[in-house]
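Commentary on secondary and tertiary structure
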Amino acid sequence: MGHRVWNFSAGPGMLPLPVLEEAQRDLLALPGVGMSVLEISHRSKWYEAINHETEQNLRQLLGIPEHYSVLFLQGGASLQFTMVPMNLLGGRSADYIITGSWGEKAYKEAVKLGSARIAWNGKAENFTRIPRPDELELDPNSGYVHFTSNETIQGVQFPTEPEIGSTPLVCDASSDFLSRPLPIERYALIYAGAQKNAGPAGVTIVIIRNDLLERIPPNLPTMLDYRTHVEHKSLYNTPPVFAVYMVMLVTRWLRDTIDGLAKMEQINRQKAQLIYEVIDRSEGFYRGHAHPEYRSVMNITWRLPNEELEKEFLQQAQANGLYELKGHRSVGGCRASLYNAVPIEAVQALRDFMLDFMHKHA
Ligand code: PMP
């Protein structure tokens, strides 16, 4: 096996080592099946068992009630920027809370399909915080309110759901899905690309409250209509079988090894704290991007005193086995993504490196 480095990638991100090992061990032949998961028909009873277990594991971990459907779709979270308004606008307008680059993208797609309003936009403040409740300009007649629970690029996270009254709440949870428990019943729809905390790229998980299916207009293209996938239990066409299988293994790991999402959240908070402490005590050598109250437990974003030092920091980090710490090209600086599978040892190594680098260069 090649040497594994500490990987702080924002996505696809690290997967739990025991999950990769199990997938590797069983790649040529699933136990009791004699064929690879890459080779079995999605109509076989074996794949149906994978599809079913993955859904049940998610239901158990998140406490998803029966009146919600769980879907495994393709097209990434980006296709949900289109499917959400296409299915849910129903001739009305929708409100978008924009706290970073992804929320902005979601809003721009909604505008193409109908009427969408901006309920709050953090762009003028460089996306450093989430809105206070009194800043939200909500339309009481809107079809839904959309927000991004964790902005992966800026590292800004909602600590809890925004207060929006009785309008259906829609969330892009791509980069903090499965990192903490969620009060599912506060949501009408949650979607997340798998490639951060849930599995590999290729599958997007959608959790939708069933009463919303009634507002979907007739004659939508079949593949873009949520009802198709609810009716066929995500098996209308060939699903991304390997990606779903990996989500099954990751959800087993979360349940059996981690002991659930409350425990996972505790571990994630501990990890983030290690790095935020370095930033906060660095007397301005490291400058966090996000406002401390709203900074992300998943994606930590910071700058150094100048770009030269940032370049050197990244180079030396890599030489020390710490990879993928470069900030997104649109914001620069550094970013450490501490998804579920990033072990505490990796974060301790990053903390030690940051302290050492600071003492040499401050
Ligand atoms: N939303 C968020 C919050 C994301 O982090 C990402 C990907 N980084 C996306 C949407 C887009 O996801 P995809 O690449 O799966 O379309």
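Everything discussed here concerns the structure shown above.
Only a predicted model underlies this, so the values are computations on that prediction, with no experimental measurement involved.

1. Notes on the side chain of asparagine 87
Its location among the elements puts asparagine 87 in helix α3 (residues 76–88). Classification of asparagine 87 as buried rests on a relative accessible area of 0%. A distance of 2.8 Å separates a polar atom in the side chain of asparagine 87 from the backbone oxygen of methionine 83. In this structure the side chain of asparagine 87 is engaged in a polar contact, spanning 3.1 Å, whose partner is the backbone nitrogen of tyrosine 226.

2. Focus: the pairing of strand β9 (residues 189–193)
In terms of burial, β9 is largely enclosed, as five of its five residues are buried. Alternating residues of β9 divide into Leu189, Tyr191 and Gly193 and Ile190 and Ala192, and every residue in both groups is buried. Bridge analysis of strand β8 (residues 169–172) against β9 gives three bridges, and the strand direction is parallel. Counted as the bridge partner of cysteine 171 is isoleucine 190 from β9. In the sheet, β9 pairs with strand β10 (residues 204–209) via five bridges, with the strands oriented antiparallel. In the strand pairing of β10, leucine 189 is matched with isoleucine 208.

3. Describing the environment of proline 65
Of note, proline 65 is situated in the loop between α2 (45–62) and β2 (68–73). Overall, proline 65 belongs to the buried group, its relative accessible area being 17%. Separated by 175 residues in the primary sequence, proline 65 and proline 240 have C-alpha atoms spaced 25 Å apart. In this structure, proline 65 is in contact with Arg59, Ile184 and Glu185, ignoring residues within four places of it in sequence.

4. A word on the sheet that holds strand β14 (residues 334–337)
The antiparallel open sheet is built from three strands, whose spatial order is β11-β12-β14. On the outer flanks of this sheet lie β11 (287–288) and β14, each paired with one strand and no other. Across the sheet, helix α7 (residues 261–280) lies against β11 and β12 (299–303), angled at about 15° from β12, the strand it touches most.

5. As for the sheet that holds strand β4 (residues 115–121)
A sheet is described by the order of its strands in space; here seven strands give the open sequence β2-β10-β9-β8-β5-β3-β4, paired in mixed fashion. Either end of the sheet is taken by a strand with one partner, and the two such strands are β2 and β4. Across the sheet, the axes of successive neighbouring strands diverge by a mean angle of 20°, strand direction being ignored. As paired elements, strand β5 (residues 145–148) and β8 share four bridges and run parallel to each other. Along β8, the bridge assignment pairs histidine 146 with valine 170.

6. Quick notes on the environment of aspartate 256
Take aspartate 256: it is sitting in helix α6 (residues 241–258). With 138 residues separating them along the chain, aspartate 256 and isoleucine 118 place their C-alpha atoms 42 Å apart. For aspartate 256, the side chain forms a polar contact with the side chain of arginine 255, separated by 2.7 Å.

7. Focus: the site of the ligand
As a matter of local geometry, the ligand sits amid 13 residues, with Ser78, Thr152, Asp172, Gln195 and Lys196 nearest to it. In the model, an oxygen atom of the ligand is placed 2.6 Å from a nitrogen or oxygen of the serine 78 side chain. Interatomic distance of 3.4 Å between a side-chain N/O atom of tryptophan 102 and an oxygen atom of the ligand. About the coverage of the ligand: the protein hides 84% of its 400 Å² of free accessible area. Sorting elements by how many residues they give to the shell around the ligand places α3 first, with four residues. Among the residues making up the shell around the ligand, the classes are represented as three nonpolar, eight polar and two charged.

8. What about the packing of α2 against α6?
At a closest axis distance of 9 Å, the pairing of α2 and α6 adopts a crossing angle of 40°. Here α2 lies oblique to α6, going by the angle between them. For the pair α2 and α6, the crossing hand works out as left-handed. Taking contact as the criterion, the partners of Tyr47, Ile50, Asn51, Glu53, Thr54, Asn57, Leu58, Gln60 and Leu61 in α2 are, on α6, Val241, Val244, Tyr245, Val247, Met248, Thr251, Arg252, Leu254 and Arg255. Of the residues belonging to the contact of α2 with α6, the class tally is 10 nonpolar, five polar and three charged.

Definitions and cut-offs
- Residues numbered from 1 in each chain as written.
- Predicted model: local features only at pLDDT ≥ 70, side-chain atom pairs only at ≥ 80, totals over all residues.
- Heavy atoms only, no water.
- Helix = DSSP H or I, 4+ residues; strand = E, 2+ residues; numbered from the N terminus.
- Buried < 20%, exposed > 50% of the residue type's maximum accessible area, 1.4 Å probe, protein only.
- Polar contact = N/O pair within 3.5 Å; in protein donor to acceptor, adjacent residues only side chain to side chain.
- Pairing = 2+ DSSP bridges.
- Contact = heavy atoms within 4.5 Å.
- Axes fitted to C-alpha atoms, helices over the stretch in contact; angles between N-to-C directions.
- Near = heavy atom within 4 Å.
- Areas by Shrake-Rupley, 256 points an atom, 1.4 Å probe, with all protein chains shown as cover.
- Nonpolar A, V, L, I, M, F, W, Y, C, P; charged D, E, K, R; others polar.
- Parallel < 35°, antiparallel > 145°, perpendicular 65-115°, else oblique.
- Left-handed = near helix turned anticlockwise from the far one by under 90°.

Coordinates in, geometry out; function isn't part of it.
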